[in-house]
Amino acid sequence: MSNPLRDMEKPDVIFCIGTNMTECHPVAATRIKKAVHRGAKLIVADPRKITLAEIADLYLPLTVGTDAALLAAMAHVVHREGLIDQAFIDARTEGSEAFFEHLQQFTPRWAEDICGVPAADIERAALLYGRASAAAIYYTLGVTEHICGVDNVQSLCNLALMTGNIGREGTGINPMRGQNNIQGAGDSGALPNNYPGFQPVTDPANQAKFERAWGRKVDLEKGITKVRALDQAVAGKIKGMLICGENTLLSDPDRAHCEKALKNLEQLVVIDLFLTETAQLADVVLPASAWAETDGVFTNTERRIQRVRQAVKPRGQARPEWWIVSQIARRMGISGFDFESPKDVFNELCSVSTLYHGVDWDRAATGAYHWPVPYDGHPGTPRLHEDEFPIGRGKFKLITYRDPAETIDESYPVWLTTGRRLQHYHTATMTGRSVGIDYLLPEEILEVNPTDVQSWGLKDGGLCRLSSARGSVDVRVKATDRSPPGTVFCSFSFGDVPVNKLTGSGYDPTTDTAELKVCPVRVDPL
């Protein structure tokens with residue numbers, strides 16, 4: 001996120017796209033509600049009529065996978081109407097002339113034919129955003145889990161750059177992170193292309209730096225993503241795998257391919273709290289301690305560095321993951337893992353990451369710092385890009401719309417989009433074992449528009465078979481106008497309805513992010 005959470009109450013106009021915030025980030029969403037109550041205008045773009053859409057001043061019910069077309073047309077209108085911030089563009093960006101020329105072709109009428117949103121509403125959204133003194137963008141996986149996820153994000157950046165809505169209170173481009181410490185994981189180097197602190201592994205200077213820090217040679221090349229690792233496991237090129245804190249079998253697309261990859265390994269080790277569906281395939285399962293059983297550090301969605309403190313002792317043989325990984329490394333004869341406490345681990349991160357240089361274990365105890373904190377005594381950076389961009393000038397990108405990897409046809413005439421629900425989290429590894437949650441949502445449901453329920457011969461509360469080119473699952477039907485005609489929705493929380501048997505049609509070529517938000521399916525009554 002470029003801006004802190006407190007800024008969510010400050011914009012004049014809020015543009016939420018691809019984010020079911022009231023279910024996936026319910027606490028943060030209260031700030032959006034406060035802003036609306038204060039008088040802020042809310043634009044919501046989402047295929048489903050989510051709760052945010054019900055309180056929006058303008059709801060844009062776009063067809064799944066068409067975000068780039070909508071955003072290009074909005075940018076077209078902003079430029080056409082002279083709502084750009086020329087001073088900001090001249091001082092802090094590059095590539096604007098080519099970008100504005102590129103926009104000429106993307107009219108609202110053109111976009112309407114692709115995304116299904118009336119041209120008049122696209123015009124109105126662009127005018128609201130472009131005329132605001134302070135406009136903020138919020139998005140989540142509904143923007144990124146597409147083959148064009150990078151294009152979608154860069155399209156949002158174009159809107160912010162052309163209007164100067166970045167680096168100020170109540171503005172910004174704000175991805176709401178999907179898990180509590182996923183930001184911290186990236187900060188720590190849990191990425192194939194970066195060392196800790198987002199330092200590129202392809203930079204020889206970084207290679208030399210980390211060879212000195214770690215006392216061993218490191219490669220001057222990017223690693224592979226999990227998607228490619230699973231492909232190589234199927235091909236027999238990867239023989240062993242360690243999975244830590246992830247239920248890959250349920251959360252990853254194309255379950256048949258994923259299961260084949262894991263079963264083809266010579267050695268699978270899983271570190272987790274429970275014997276998940278993935279752990280059941282493992283040769284060795286090492287029990288991890290839960291968050292309340294562990295001392296450590298989380299970095300949240302607003303880049304706030306926070307200590308987490310052990311409240312209860314781990315049960316049985318459970319141990320913190322840092323300890324388990326360190327012990328494995330030691331017993332493999334790998335030096336540099338002589339950590340005695342999470343304090344040692346975190347302080348090493350601070351020593352090698354420019355984002356964390358001014359923090360240490362003790363300073364993190366206050367929870368007051370947003371990275372970057374580049375030196376001791378620095379107050380932290382709640383709001384990014386106030387004076388400059390790390391890359392120098394903001395770069396406009398020339399984005400062209402492209403269809404999803406698979407589109408609906410006679411065999412699979414319905415759009416399926418997947419996501420999370422308020423009642424259960426992710427693959428329900430924890431919520432599925434929590435007493436009382438079953439009362440709220442005991443099983444998976446397929447949200448279907450009432451007109452489709454009738455025309456497809458389904459029954460509200462009855463079972464149906466949901467099929468794609470990769471497989472089928474049986475699921476209970478729920479009639480609701482949250483789903484538009486021709487589009488259905490379900491989550492991936494329940495192991496007995498493994499919806500990711502169906503997904504996996506394509507991946508973003510830059511990030512290898514799966515297109516989990518778009519999948520052509522057929523719905524048959526049972």
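Predicted model, so just to flag it, every value in this text is computed and none were measured.

### A closer look at the overall build of the chain
On a plain count of helices and strands, the chain comes out with 20 helices and 21 strands. Relative to the 2.2 N^0.38 estimate, which gives 24 Å for 526 residues, the radius of gyration of the chain is 24 Å and therefore close to what a compact globule would have. Here the C-alpha coordinates of the chain stretch approximately 65 × 60 × 45 Å along the principal axes. Counting only residues that meet the buried cut, the chain has 52% of its 526 residues in that class. Long-range pairs, those at least 24 residues apart, make up 69% of the contacts in the chain between residues at least 6 apart in sequence. Accessible surface for the chain amounts to roughly 23300 Å². Of this, 51% is attributable to carbon and sulfur atoms.

### A few points about helix H16 (residues 321–331)
Count 3.6 residues to each turn of an α-helix, and residues three or four apart come out pointing the same way. Those residues of H16 not exposed but buried are Ile324, Ser326, Gln327 and Ala329. Taken together, the buried residues of H16 touch strand E10 (267–272) and strand E11 (284–287).

### Remarks on the nonpolar core
Core analysis: the largest hydrophobic core is formed by 47 residues, its most contacted members being Phe15, Ile17, Leu70, Met74, Leu159 and Met162. Among the elements that take part in this core, helix H4 (residues 67–80) stands out by supplying eight residues, more than any other. Once residues lying within four places of it in the same chain are set aside, the contact partners of isoleucine 17 are Ala45, Asp67, Leu70, Leu71, Tyr138, Tyr139, Thr140, Val143 and Leu156.

### Observations regarding the sheet that holds strand E6 (residues 173–175)
Taken in spatial order, the five strands make up an open sheet running E3-E2-E1-E5-E6, and their pairing is parallel. Edge positions in the sheet fall to strand E3 (58–60) and E6, since each of these pairs with one other strand and no more. Taken over all neighbouring pairs, the strand axes of this sheet differ in orientation by 15° on average, direction set aside. Looking at chain direction, strand E1 (residues 13–17) and strand E2 (residues 41–45) are connected through five bridges and run parallel. Each residue of the ladder has a partner; that of cysteine 16, found in E2, is valine 44.

### Focus: the pattern of salt bridges
For the structure shown, the criterion picks out 29 salt bridges. Among the ionic pairs, arginine 80 bridges to glutamate 123, the shortest N-O distance being 2.6 Å. Of the two residues, arginine 80 is situated in helix H4 and glutamate 123 in helix H8 (residues 119–131); the sequence distance between them amounts to 43 residues. Residue arginine 80 is classed as partly exposed on the basis of its relative accessible area of 41%. Within this structure, Arg48, Arg421, Glu444 and Glu447 form a network of salt bridges that share partners.

### Some points on unusual backbone geometry
Put simply, tryptophan 371 and proline 372 share a cis peptide bond, and its omega is 5°. Looking at where proline 372 falls in the secondary structure, it is placed in the loop between strand E14 (369–370) and strand E15 (394–395). Residues other than glycine seldom take positive phi values, yet histidine 385 does so here, at roughly 65°. By the element assignment, histidine 385 lies in the loop between E14 and E15. The phi dihedral of histidine 426 is positive, around 50°, even though this residue is not glycine.

### Considerations on the domain arrangement of the chain
By the assigned domains, the chain splits into domain 1 (5–176), domain 2 (182–370) and domain 3 (414–525). When each unit is reduced to the centre of its C-alpha atoms, the spacing between domain 1 and domain 2 is 34 Å.

### Some details on the sheet that holds E14
One open sheet accounts for three strands, arranged E12-E13-E14; its pairing is antiparallel. The open sheet has two edge strands, strand E12 (296–299) and E14, and neither has a second partner. Sheet topology places E12 next to strand E13 (residues 304–308); four bridges connect them, and they run antiparallel. When the sheet's bridge partners are listed, glycine 296 is paired in E13 with valine 308.

### Some words on the environment of histidine 102
You can see histidine 102 is positioned in helix H6 (residues 96–103). When its relative accessible area of 14% is taken as the criterion, histidine 102 is described as buried. Once the C-alpha coordinates of histidine 102 and alanine 213 are considered, the two residues, 111 residues apart in sequence, prove to be 46 Å apart. For histidine 102, the contacting residues outside a window of four places in its chain are Leu398, Ile399 and Thr400.

### Looking at the packing of aromatic side chains
Per the stated rule, a full pass over the model turns up 10 aromatic pairs. Here the aromatic rings of phenylalanine 198 and tryptophan 371 are separated by 6.0 Å at their centres, their planes lie at 40°, and the arrangement is tilted. Note that phenylalanine 198 is positioned in the loop between strand E7 (194–195) and strand E8 (199–200) and tryptophan 371 in the loop between E14 and E15, a separation of 173 residues in sequence. Here arginine 48 stacks its cationic end above the ring of phenylalanine 489, 3.5 Å away from the centre of that ring. Here the basic side chain of arginine 319 rests over the ring of tryptophan 323, its NZ or CZ set 5.9 Å away from the ring centre.

### Considerations on the packing of helix H7 (residues 108–115) against H8
Here H7 crosses H8 at 115°, and the two axes come no closer than 8 Å. In this structure, H7 crosses over H8, and the sense of that crossing is right-handed. Seen from H7, the contacting residues are Pro108, Arg109, Ala111, Glu112 and Cys115; seen from H8, they are Ala119, Ile122 and Glu123. Taken together, the residues that form the contact of H7 with H8 break down as five nonpolar, no polar and three charged.

### Comments concerning helix H12 (residues 204–214)
Every buried residue of H12 is accounted for by Asn206, Gln207 and Phe210. The buried residues of H12 occupy one face: seen down the axis, they fall within an arc of 105°. In this structure, the buried side of H12 is in contact with E7, E8 and helix H17 (342–352). Downstream of H12 by a residue or two, glycine 215 has a phi angle that is positive, lying close to 65°.

Rules used in this analysis
- Residues numbered from 1 in each chain as written.
- Predicted model: local features only at pLDDT ≥ 70, side-chain atom pairs only at ≥ 80, totals over all residues.
- Heavy atoms only, no water.
- Helix = DSSP H or I, 4+ residues; strand = E, 2+ residues; numbered from the N terminus.
- Rg over C-alpha atoms; globule rule 2.2 N^0.38 Å.
- Buried < 20%, exposed > 50% of the residue type's maximum accessible area, 1.4 Å probe, protein only.
- Contact = heavy atoms within 4.5 Å.
- Areas by Shrake-Rupley, 256 points an atom, 1.4 Å probe, with all protein chains shown as cover.
- Core = buried A, V, L, I, M, F, W, Y, C linked by side-chain atoms within 4.5 Å.
- Pairing = 2+ DSSP bridges.
- Axes fitted to C-alpha atoms, helices over the stretch in contact; angles between N-to-C directions.
- Salt bridge = Lys/Arg side-chain N within 4 Å of Asp/Glu carboxyl O.
- Domains from an automatic or database assignment.
- Phe/Tyr/Trp six-rings, centres within 6.5 Å; stacked < 30°, edge-to-face > 60°.
- Lys NZ or Arg CZ within 6 Å of the ring centre and 35° of its normal.
- Left-handed = near helix turned anticlockwise from the far one by under 90°.
- Nonpolar A, V, L, I, M, F, W, Y, C, P; charged D, E, K, R; others polar.
- Arc of directions from axis to C-beta.

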